[in-house]
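In case you want the letters, here they are:
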Amino acid sequence: MALRKFAIASALVLMASAAAPARASADWLFTPYIGMNWGGTAGFTDSLGDFEDKFEQRMNFGASLSWMGAGALGFEVDFGYSPNFFENTTGDSNFQVGDSNVTTLMANLKVGAPFGGQHGGGIRPYASGGLGLIKSRIDDPDQLFDVSSNDWGLNVGGGVAGFFSDNLGVQGDVRYFRSLQDNEPDNEFDVALGSFSFWRGTVGVVFRF
């Protein structure tokens, strides 16, 4: 009698499991990318005095690692590097620099929806934003000054990833970066937008697993 009850209960559990819809799985997305920066502005107020300029378009490259859950929410870590960021400016200043670069490392909240499902072909538009580190370095060719700064910063933007198969796709991304500063370093913590900002556009290959 007990054996028959066990068999019936087991059969009911198996039938319920088969009838239940499959749960959507989470995705890890690794995206190496290459792109351009534009619309950059900065203010230097140390040994240079007040200086503002706009910078030419510059190549950047990097990679992002994202985790997207079964719903719309996920998180992202983004690393970007732009060599020669401050060279050959296009403003009115005669300011010239030697070697320079900008490095960004951001931790972001990501919101996106997979149209077409999480398997096979499909597209996933998304929005992303968060906080992190913006590191700038400038070497003076005349060796009169060097500028090296590590600032907190923010980034916000979005893009679209398109998938050809379960594991491979391409992604286009545009986002805005801006430094943050503490207006009261000796007193209360008062965060405000800094003077350094730029836009970044990238195209990358997406590996989904």
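Computed from a predicted model, the values in this text were never measured in an experiment. (Residues numbered from 1 in each chain as written. Predicted model: local features only at pLDDT ≥ 70, side-chain atom pairs only at ≥ 80, totals over all residues. Heavy atoms only, no water.)

### Regarding the packing of aromatic side chains
Thought 1: Under the definition given, this model contains nine aromatic pairs.
Thought 2: With 6.0 Å between their ring centres and 85° between their planes, W28 and F75 make a pair best called edge-to-face. Taken together, the residues span a long stretch of sequence, with W28 in strand β1 (residues 27-44) and F75 in strand β4 (residues 73-83) at a distance of 47 residues.
Thought 3: A relative accessible area of 33% means that W28 is categorised as partly exposed.
Thought 4: Given a relative accessible area of 39%, F75 falls into the partly exposed group.
Thought 5: Through a chain of ring-to-ring contacts, three or more aromatic side chains come together here, namely F85, F177, F196 and F198.
Thought 6: Geometry around F163 places R208 over its ring, the cationic atom sitting 3.9 Å from the centre. (Phe/Tyr/Trp six-rings, centres within 6.5 Å; stacked < 30°, edge-to-face > 60°. Helix = DSSP H or I, 4+ residues; strand = E, 2+ residues; numbered from the N terminus. Buried < 20%, exposed > 50% of the residue type's maximum accessible area, 1.4 Å probe, protein only. Lys NZ or Arg CZ within 6 Å of the ring centre and 35° of its normal.)

### A few points about the nonpolar core
Thought 1: A42, F85, F86, V102, M106, I134, I138, V147, F177, F196 and F198 form the largest nonpolar core, which has 11 residues in total.
Thought 2: For this core, the elements supplying multiple residues, two or more each, are β5 (100-112), β6 (122-139) and β9 (191-208).
Thought 3: For I134, the contacting residues outside a window of four places in its chain are V102, T103, T104, M106, S149, N150, D151, G153, R178, S179 and F196.
Thought 4: By size, the runner-up hydrophobic cluster in this structure holds five residues, among which are L29, A161, F163 and V206. (Core = buried A, V, L, I, M, F, W, Y, C linked by side-chain atoms within 4.5 Å. Contact = heavy atoms within 4.5 Å.)

### So, the environment of G132
Thought 1: Structurally, G132 is set in strand β6.
Thought 2: On the accessibility criterion, G132 (7% relative accessible area) is buried.
Thought 3: With 47 residues separating them in the primary sequence, G132 and S179 have C-alpha atoms 9.4 Å apart.

### Notes on the pairing of β5
Thought 1: Pairing of β4 with β5 involves 11 bridges; the strand directions are antiparallel. What sits directly across from G80, in β5, is T104.
Thought 2: As defined by bridge partners, β5 adjoins β6 across 13 bridges and the pair is classed as antiparallel. The residue of β6 that forms the bridge with T104 is I134. (Pairing = 2+ DSSP bridges.)

### Focus: the pattern of salt bridges
For side chains bearing opposite charge, pairing can occur when the charged atoms are close.
Thought 1: For the structure shown, the criterion picks out four salt bridges.
Thought 2: The salt bridge partner of R124 is D27, with a shortest N-O separation of 3.1 Å. Taken together, the positions of R124 in strand β6 and D27 in strand β1 put the pair 97 residues apart, joining distant regions of the chain.
Thought 3: Across the salt bridge formed by R175 and E76, the nearest N and O atoms sit 3.5 Å from each other. Residue R175 is located in strand β8 (residues 168-182), and its partner E76 is located in strand β4; the two are separated by 99 residues in the primary sequence. Taken individually, R175 and E76 each receive the classification buried, so the pair is uniform in this respect.
Thought 4: Each member of the salt-bridge network shares a partner with another, and the members are E76, D173 and R175. (Salt bridge = Lys/Arg side-chain N within 4 Å of Asp/Glu carboxyl O.)

### Here's the deal with the side chain of N60
Thought 1: When you line up the elements, N60 lands in strand β3 (residues 58-68).
Thought 2: Residue classification places N60 among the buried residues on the basis of a relative accessible area of 2%.
Thought 3: Within polar-contact distance, the side chain of N60 engages the backbone oxygen of M36 at 3.4 Å.
Thought 4: Within the structure, the side chain of N60 is placed 2.9 Å from the side chain of N37, a separation counted as a polar contact.
Thought 5: With residues near it in sequence (within four places) discarded, N60 still touches Y33, I34, G35, M36, N37, Y81, S82, R200, G201 and T202. (Polar contact = N/O pair within 3.5 Å; in protein donor to acceptor, adjacent residues only side chain to side chain.)

### Details of the confidence of the model for the protein chain
Thought 1: Averaged over every residue, the pLDDT of the protein chain is 80; the share at 70 or more is 69%.
Thought 2: Helix α1 (residues 2-19) is the least confidently modelled element of the protein chain, averaging 47 in pLDDT, while β4 averages 96, the highest of any element.
Thought 3: Counting interchain partners and residues more than four positions distant, the pLDDT-below-50 stretch residues 13-23 has zero contacts.
Thought 4: Low pLDDT, under 50, characterises residues 45-51; the predicted model gives this stretch 11 contacts beyond four residues in sequence or across chains. (pLDDT = per-residue confidence, 0-100.)

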